[in-house]
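Descriptive structure summary
If you want the building blocks of each chain, they are given just below.
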4 protein chains.
Amino acid sequence: MAASPDHHHHDPQNRLRPWQVRLHEIIFEADTPIGKLFDGLLILCILLSVAAVMADSVESVRAEYGALLYTIEWGFTLLFLVEYILRLLSVGRPLWYATSFFGIVDLLAILPTFISLLFPGSQYLLVIRLLRMLRIFRVLKLVQYMREARLLMRAMKASVRKIEVFLLVVLILVTLFGSLMYLVEGGESGFTSIPKSVYWAIVTLTTVGYGDISPQTNLGQGIASLVMICGYAIIAVPTGIVTVELSHAYRNKNNTQSCPQCTAEGHDDDAVFCRLCGAELNPQSSA
Amino acid sequence: MAASPDHHHHDPQNRLRPWQVRLHEIIFEADTPIGKLFDGLLILCILLSVAAVMADSVESVRAEYGALLYTIEWGFTLLFLVEYILRLLSVGRPLWYATSFFGIVDLLAILPTFISLLFPGSQYLLVIRLLRMLRIFRVLKLVQYMREARLLMRAMKASVRKIEVFLLVVLILVTLFGSLMYLVEGGESGFTSIPKSVYWAIVTLTTVGYGDISPQTNLGQGIASLVMICGYAIIAVPTGIVTVELSHAYRNKNNTQSCPQCTAEGHDDDAVFCRLCGAELNPQSSA
Amino acid sequence: MAASPDHHHHDPQNRLRPWQVRLHEIIFEADTPIGKLFDGLLILCILLSVAAVMADSVESVRAEYGALLYTIEWGFTLLFLVEYILRLLSVGRPLWYATSFFGIVDLLAILPTFISLLFPGSQYLLVIRLLRMLRIFRVLKLVQYMREARLLMRAMKASVRKIEVFLLVVLILVTLFGSLMYLVEGGESGFTSIPKSVYWAIVTLTTVGYGDISPQTNLGQGIASLVMICGYAIIAVPTGIVTVELSHAYRNKNNTQSCPQCTAEGHDDDAVFCRLCGAELNPQSSA
Amino acid sequence: MAASPDHHHHDPQNRLRPWQVRLHEIIFEADTPIGKLFDGLLILCILLSVAAVMADSVESVRAEYGALLYTIEWGFTLLFLVEYILRLLSVGRPLWYATSFFGIVDLLAILPTFISLLFPGSQYLLVIRLLRMLRIFRVLKLVQYMREARLLMRAMKASVRKIEVFLLVVLILVTLFGSLMYLVEGGESGFTSIPKSVYWAIVTLTTVGYGDISPQTNLGQGIASLVMICGYAIIAVPTGIVTVELSHAYRNKNNTQSCPQCTAEGHDDDAVFCRLCGAELNPQSSA
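In this text, all values refer to a predicted model and were calculated from it rather than measured experimentally.

Before going further, it helps to spend a moment on the overall build of chain A. Looking only at helices and strands, chain A has 10 helices and 0 strands in total. If you list the helices and strands of chain A from N to C, you get α-α-α-α-α-α-α-α-α-α. Taking all 287 residues of chain A together, 51% fall into the buried category. Of the contacts formed within chain A by residues at least 6 apart in sequence, a portion of 56% connects residues at least 24 apart. When the accessible surface of chain A is totalled, it reaches about 13400 Å², and 68% of it is carbon and sulfur.

And the structure:
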């Protein structure tokens with residue numbers, strides 16, 4: 001990646017031209033007033049354009065304001081296209097940006113309008129623009145929020161493997177339960193095939209319970225009761241996993257200092273002395 | 001606020017007339033027998049008036065007892081109006097009371113009856129009187145309950161920022177899932193617009209599952225299954241957050257130990273030395 | 001209570017006649033083989049009689065086996081009546097037993113059959129006999145189970161006050177939300193009165209979501225979305241409370257020993273030495 | 001078991017013939033490339049055969065590809081039969097394998113096809129083949145996954161007794177609530193018998209809420225509200241149990257510190273001295 005082709009005829013890291021540096025400051029940073037203004041306007045545009053897409057999907061609104069909404073859609077798309085090009089121009093390594101998470105999202109936020117020329121209906125995919133909203137954290141410069149988000153992310157990441165194991169077990173369970181119900185209910189009352197019955201099992205085990213498919217025979221209702229009551233304990237598992245991981249991530253947040261005398265960890269944020277041996281902690285090393 | 005206009009021609013803080021002091025004792029305090037009696041009667045009136053409003057909304061009851069309920073409604077409203085005026089008169093700084101949480105609730109508990117003269121139907125807003133019920137904690141003088149309530153509040157407040165981050169992610173998710181389902185289900189089986197589909201996604205992700213909108217196509221049911229199973233892990237997050245914060249608030253409450261040197265509190269259960277000044281804690285005083 | 005009238009003409013505590021002592025051993029104790037046999041038979045009878053009551057409620061079963069089930073019902077009732085009288089005779093202080101939890105349950109398990117002579121239908125209340133099943137813990141003599149049950153009970157009891165505060169807030173919330181929905185939906189789609197709307201709010205907030213009442217207007221669905229998403233955080237609270245209390249009860253279970261040197265608590269079940277100061281713990285004092 | 005009859009005329013533990021050793025390596029081990037290939041193919045076959053069974057249950061698919069799917073089904077069954085026989089041949093103690101969990105699952109994965117010759121429809125039980133998928137953990141050789149799975153299992157096992165107590169209480173509750181609703185709703189709106197009403201109580205208490213049975217009378221809706229709100233606290237219990245047990249299992253896993261004197265593990269994070277022998281722990285080795 002470090003050797004990626006450079007389309008901009010300058011040393012990518014140091015020799016950005018002054019207008020590029022200025023553009024980068026406006027578009028990518030949120031420290032200067034004009035940078036903040038840019039990001040604020042951007043978020044406003046995202047919200048407005050998504051609102052337009054959502055309004056366009058409502059039959060009665062489209063009937064009356066269809067042409068207007070079509071214009072707005074193209075307006076925002078061209079605006080975002082210009083912004084995307086400016087972003088490419090202002091960074092030293094355009095490919096790095098283009099292949100980053102936000103670079104791909106920015107591109108996906110433009111494409112559907114053009115694709116809808118070929119495949120009508122795909123413009124509704126424009127709601128993917130909402131993902132650009134995640135920049136809001138940077139704009140608001142709320143370090144606290146970033147920290148909380150990172151905390152949640154860390155807990156989710158730490159839970160991933162446990163949750164994968166859990167999901168595999170759940171998937172096997174719902175397939176077995178679904179097949180059993182298909183045999184018991186005999187194709188009636190919505191259990192018309194195993195896939196449909198598995199869908200029912202998922203709806204039931206997650207306690208969503210639409211009721212579009214529900215057992216009618218006595219045996220079927222008995223098995224369903226079993227699924228629900230067993231599901232009780234099963235539902236508790238992901239909650240337990242996330243709680244434990246969150247608790248762990250939370251404790252570690254307060255945990256970055258260790259006692260210079262006894263190396264004990266887990267001190268509170270405002271701790272000055274080690275709670276186990278009484279030695280003075282090094283306050284500078286705290287996060 | 002300290003310089004707020006004083007409509008009552010006396011030094012607001014010290015020179016309350018004797019009847020004001022007495023009134024204040026009855027209305028605002030709950031220490032004396034008469035103060036307790038007043039608060040007890042007040043809560044009874046609140047409950048009765050809310051019951052009357054609710055009964056009035058039932059067609060068959062209104063048909064028979066409409067006139068009676070109308071009288072009761074006006075009776076309680078005038079009673080609460082008198083009480084509101086007495087409250088204003090009895091406090092040294094009426095504006096402080098009028099702009100406090102309970103002052104605003106007390107006013108809102110009177111207004112709907114008068115507004116209903118202009119806009120019929122708004123009298124049902126009188127159920128807001130229920131908020132006055134929150135005074136019950138003070139009446140019952142159950143310090144324990146107050147402590148528990150404060151504990152819950154502290155945990156909720158500490159969770160607020162994390163839950164905001166979480167809600168933003170959930171909102172983006174339901175919009176993306178809802179739009180996808182709108183494309184997949186193609187306007188059928190209730191998915192008539194993106195807002196409706198987003199509503200479905202919320203109903204599904206929160207496991208409420210009314211079933212008034214539910215996917216009928218195979219692909220739609222597949223995506224719905226994905227939403228539910230993914231929602232599994234997502235639902236676990238707020239529970240995890242609140243549990244961890246509650247656990248934290250709880251632990252902080254529970255440690256009755258205070259440092260003999262600097263009187264700091266909030267030590268861990270197994271702390272041996274004060275985390276703030278390094279003095280040895282008094283192990284016997286730990287709970 | 002200690003001076004309660006004694007209908008049995010003997011010192012209630014010491015001078016039970018031999019046949020009473022023997023009867024007490026059989027009926028109330030579960031240590032001797034015959035005591036175990038008695039309790040086992042009792043539980044079998046309870047299960048059979050409840051099964052008979054449930055079967056009797058099924059139209060098609062009653063049509064065919066109504067007379068048989070009627071006989072069975074009276075048979076078990078007379079059996080339980082004899083047992084109840086024997087229990088009264090075998091204890092030193094019959095009133096103590098008669099007014100205890102199990103004494104009342106035992107009486108309630110007999111009455112409905114007699115009441116059904118006056119009010120047909122009340123015999124279905126016989127399912128209350130199930131509460132007698134709680135004796136199963138004693139029968140199985142599974143001390144471990146008792147310990148777990150006590151652990152759960154302790155955690156529930158410790159949570160009671162917090163959950164009461166929480167329930168009061170929830171009740172106020174559902175009333176406010178229900179009234180708002182009644183105004184917004186205007187009596188349509190099931191929201192025919194405030195009590196019905198409050199019922200809907202409870203169904204939604206608890207994520208049960210029957211779907212018999214569900215908002216149809218756009219504004220109504222918007223408010224419902226708000227209820228559900230807000231309900232997210234609210235649902236987390238009781239789970240958090242119970243988890244924290246369970247965790248506390250659990251830790252205390254392992255907690256009964258304290259270090260003789262540093263009084264530290266919270267040692268593991270198999271700890272021999274204090275983990276903070278290294279002093280030997282007193283193993284005999286562990287539970 | 002150690003003296004179980006040996007049908008293969010050789011010392012079961014040491015004198016396996018070379019081809020048996022080789023076969024065992026391929027089929028039972030996943031260390032060698034060919035062993036990995038075998039297991040990978042096996043999992044592919046399981047997934048394909050289950051997919052075929054599920055597809056066969058869809059009316060429209062069966063109408064068109066019924067014959068093909070029938071052939072595929074028999075193909076996979078014979079393949080698994082051969083594999084089962086090879087497994088029996090390659091192990092030293094065939095009975096040990098045949099009576100192990102995977103041995104029984106492997107047999108159950110073959111039988112339904114043969115049984116379906118007598119009882120058509122039973123071939124859908126072939127989805128039990130999914131249980132063979134649990135071998136995937138061994139194939140992927142992801143020790144981490146195994147550890148997570150074992151962690152979850154340990155937490156579930158530790159919760160079992162508490163959850164049994166909890167389930168007994170829940171079962172008694174739903175029977176009582178169901179019977180009460182049967183009396184109140186009087187056989188209308190789905191509450192046609194006590195078993196049906198108990199089914200409704202389970203559906204409601206677990207917050208699944210299909211809505212096929214839902215109370216229509218005012219009193220019934222009132223009781224249902226009570227069930228739901230009470231169910232709130234009840235639902236919290238299994239989550240609390242699993243969370244606490246997971247937290248316990250997790251903490252025990254995480255502490256990598258072992259006593260330098262007695263090599264005991266499972267110390268608390270802030271332990272300074274070994275809780276088993278009193279030796280000072282090595283603070284540097286803590287995670």
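Further remarks concern empty space enclosed by the protein. One pass over the full model with this rule turns up 6 cavities of 30 Å³ or more. The computed volume of the largest cavity comes to approximately 500 Å³. Lining the largest cavity are 25 residues, and of these Thr-207 and Ile-235 of chain A, Ile-235 of chain B, Ile-235 of chain C together with Ile-235 of chain D sit closest to its centre. At the level of elements, helix H10 (218-253) of chain A, helix H10 (218-254) of chain B, helix H10 (218-253) of chain C together with helix H10 (218-254) of chain D are the ones that each hand at least two residues to the lining of the largest cavity.

The next point concerns the nonpolar core. As a rule of thumb, nonpolar side chains are buried together in soluble globular proteins. One finds Trp-200 of chain A, Trp-200 of chain B, Trp-200 of chain C together with Trp-200 of chain D to be the most contacted residues of the largest nonpolar core, which totals 245 residues. Counting residues per element, this core draws most heavily on H10 of chain D, at 15 residues. For Trp-200 of chain D, the residues in contact, after removing those within four places along its chain, are Tyr-210 of chain C together with Met-181, Phe-191, Ile-213, Ser-214, Pro-215, Ala-224 and Val-227 of chain D.

The subject of this paragraph is the domain arrangement of chain A. Taken as a whole, chain A is organised into domain 1 (7-141) and domain 2 (149-249). Computed over C-alpha atoms, the centres of domain 1 of chain A and domain 2 of chain A are 39 Å apart.

The subject of this paragraph is the confidence of the model for chain A. Residues and elements named next belong to chain A. Residues with a pLDDT of 70 or more make up 76% of chain A, whose mean pLDDT is 78. By mean pLDDT, helix H7 (residues 136-139) is the weakest element of chain A at 63, and helix H9 (residues 194-205) is the strongest at 92. Low pLDDT (under 50) marks residues 283-287, which in the prediction has 6 contacts with non-local residues, meaning those over four places away or in another chain. Both confidence scores are given for the complex: pTM 0.80, ipTM 0.77.

Take the packing of aromatic side chains next. One pass over the full model with this rule turns up 20 aromatic pairs over all chains. With a centroid separation of 6.0 Å and 45° between ring planes, the pair formed by Tyr-84 of chain D and Tyr-97 of chain D is classed as tilted. Residue Tyr-84 of chain D is found in helix H3 (residues 59-90), and its partner Tyr-97 of chain D is found in helix H4 (residues 94-98); the two are separated by 13 residues along the sequence. Residue Tyr-84 of chain D is classed as buried on the basis of its relative accessible area, which comes to 10%. Tyr-97 of chain D gets classed as buried once you look at its relative accessible area, which sits at 7%. Ring centres of Phe-101 of chain D and Phe-102 of chain D lie 5.3 Å apart, and the angle between their planes is 65°; this geometry places the pair in the edge-to-face category. Of the residues examined, Phe-101 of chain D reaches a relative accessible area of 48% and is grouped as partly exposed. Positioned above the aromatic ring of Trp-96 of chain B is the side chain of Arg-93 of chain B, whose terminal nitrogen or guanidinium carbon lies 4.7 Å from the ring centre.

What follows is about unusual backbone geometry. All names here are of chain B. Located in the positive-phi region is Thr-207, a residue other than glycine, with phi close to 60°. Checked against the element boundaries, Thr-207 lands in the loop between helix H9 (194-205) and H10. Relative accessible area serves as the criterion here: at 9%, Thr-207 is assigned to the buried category.

Here we come to the side chain of Asp-106 of chain B. With respect to the secondary-structure elements, Asp-106 of chain B resides in helix H5 (residues 101-108). Once you skip the residues sitting within four places of it in the chain, Asp-106 of chain B turns out to touch Tyr-84, Arg-87, Tyr-97, Arg-132 and Arg-135 of chain B.

Turning our eyes to something else, we now look at helix H1 (residues 18-28) of chain A. All buried positions along H1 of chain A are accounted for by Gln-20, Leu-23, Ile-26, Ile-27 and Phe-28 of chain A. For H1 of chain A, the buried positions fall inside an angular range of 160° around the axis, keeping them on one side.

In this section: a nonpolar patch on the surface. Residue and element names in this part refer to chain A. A cluster of nonpolar side chains, namely Tyr-70, Leu-78, Ile-104, Leu-107, Leu-108, Leu-111, Phe-114, Ile-115, Leu-117, Leu-118 and Phe-119, defines an oily patch on the protein surface of about 1000 Å² accessible area. Among the secondary structure elements, those contributing two or more residues to the nonpolar patch are helix H3 (59-90), helix H5 (101-108) and helix H6 (111-118). The element best represented in the nonpolar patch is H6, accounting for 5 residues. Here Leu-111 is to be found in helix H6.

Let's shift gears to the pattern of salt bridges. Pairs can form between side chains of opposite charge once their charged atoms are near each other. Residue and element names in this part refer to chain A. Overall, the coordinates contain 8 salt bridges over all chains when judged by the stated rule. Here Arg-87 ties to Glu-83 by a salt bridge, and the two come within 2.6 Å at their closest N and O atoms. A residue pair is termed a helical-turn pair when its members lie 3 or 4 positions apart in one helix, as Arg-87 and Glu-83 do in helix H3 at 4 residues. The pair formed by Arg-87 and Glu-83 is uniform in burial state, with each residue classed as buried.

Let's shift gears to the packing of helix H2 (residues 33-56) of chain B against helix H3 (residues 59-90) of chain B. A packed helix pair is summarised by two numbers, namely the angle formed by the two axes and the spacing between the axes. Residue and element names in this part refer to chain B. Relative to each other, H2 and H3 sit at 145°, their axes nearing to 9 Å. At the point where H2 passes H3, the crossing takes the left-handed sense. Where H2 approaches H3, its residues Phe-38, Leu-42, Cys-45, Ile-46, Leu-48, Ser-49, Ala-52, Ala-55 and Asp-56 are matched on the opposing element by Val-61, Arg-62, Leu-69, Ile-72, Glu-73, Phe-76, Leu-79, Phe-80, Glu-83 and Arg-87. A class-by-class count of the residues in the contact of H2 with H3 yields 13 nonpolar, 1 polar and 5 charged.

Residue and element names in this part refer to chain B. Packing of helix H1 (residues 18-28) against H3 brings their axes to within 9 Å, and their N-to-C directions diverge by 125°. Considered as vectors, H1 and H3 are oriented oblique to each other. The interaxial crossing formed by H1 with H3 has left-handed handedness. The segment H1 lies against H3, with Trp-19, Gln-20, Leu-23, His-24, Ile-27 and Phe-28 engaging Leu-86, Arg-87, Leu-89 and Ser-90. Split into classes, the residues belonging to the contact of H1 with H3 amount to 6 nonpolar, 3 polar and 1 charged.

Turning next to the environment of Phe-166 of chain A. Here Phe-166 of chain A is to be found in helix H8 (residues 143-185). Residues Phe-166 of chain A and Leu-88 of chain A, spaced 78 residues apart in sequence, show a C-alpha to C-alpha distance of 42 Å.

This part takes up helix H5 (residues 101-108) of chain C. Residue and element names in this part refer to chain C. Among all positions of H5, only Gly-103, Val-105 and Asp-106 are buried. All buried residues of H5 fall inside an arc of 165° around its axis, so they share one side. Of the surrounding elements, those touching the buried residues of H5 are helix H3 (59-90) and helix H4 (94-98).

Residues and elements named next belong to chain C. Take Ile-104: it is sitting in helix H5. Between the C-alpha atom of Ile-104 and that of Leu-226, which follows or precedes it by 122 residues, the distance is 46 Å. Dropping the residues within four chain positions of it, Ile-104 is found in contact with Ala-98 and Thr-99.

About the thresholds
Here, residues in each chain are numbered from 1, in the same order as that chain's written sequence. Chain labels run from A onward and ligand labels from 1 onward, assigned in the order the entries are written. In keeping with the model being predicted, local features are shown solely for residues with a pLDDT of at least 70 and side-chain atom pairs are shown and tallied solely at 80 or more, while totals for entire chains, interfaces and linings include all residues. Side-chain metrics rest on all non-hydrogen atoms present in the structure, leaving aside hydrogens and water. By the criteria applied, helices consist of DSSP H or I runs no shorter than four residues and strands consist of E runs no shorter than two, each listed in order from the N terminus. Partly exposed describes any residue whose relative accessible area lies between the buried limit of under 20% and the exposed limit of over 50%, with all areas from a 1.4 Å probe on protein chains only and scaled to the type maximum. We call two residues in contact when some of their heavy atoms are within 4.5 Å. All accessibility values rest on the Shrake-Rupley procedure with a 1.4 Å probe; residue burial counts only the protein chains present in the view. The rule is simple: put a 1 Å grid over the protein atoms alone, call a set of points where a 1.4 Å probe fits but cannot get out a cavity, call an open set with protein on both sides within 12 Å along at least five of seven lines a pocket, and count a residue as lining if it has an atom within 4 Å of a point. Grid points are joined across faces, edges and corners, and a volume is the space filled by probe spheres set on the points. To define a nonpolar core, start from buried Ala, Val, Leu, Ile, Met, Phe, Trp, Tyr and Cys residues and group those joined through side-chain atoms within 4.5 Å. The split of the chain into domains comes from an automatic or database domain assignment. pLDDT is defined as a per-residue confidence score from the predictor, taking values between 0 and 100. Pairing of aromatic rings covers Phe, Tyr and Trp, the last counted by its six-membered ring, and requires centre-to-centre distances within 6.5 Å; plane angles under 30 degrees mean stacked, over 60 mean edge-to-face, and any other angle means tilted. Geometrically, a lysine NZ or arginine CZ counts as sitting over a ring once it is within 6 Å of the ring centre and also within 35 degrees of the ring normal. To be clear, the arc concerns the directions from the helix axis to the C-beta atoms. Residues form patches when they are more than 30% accessible in relative terms and have no salt bridge. Like charges link within 9 Å. Nonpolar side chains (Val, Leu, Ile, Met, Phe, Trp, Tyr) link within 5 Å. Any Lys or Arg side-chain nitrogen located within 4 Å of an Asp or Glu carboxyl oxygen qualifies as a salt bridge. Axis definition: a line fitted to C-alpha atoms, over the contacting stretch in the case of helices. Angles run 0 to 180 degrees between N-to-C directions. Note: crossing handedness is left-handed where the near helix turns anticlockwise from the far helix by less than a right angle, and right-handed where it turns clockwise. Each residue receives one of three labels: charged for Asp, Glu, Lys and Arg, nonpolar for Ala, Val, Leu, Ile, Met, Phe, Trp, Tyr, Cys and Pro, and polar for the others, Gly being one of them. Should an angle fall under 35 degrees it is taken as roughly parallel, and over 145 as roughly antiparallel, whereas 65 to 115 is taken as roughly perpendicular and any remaining angle as oblique.

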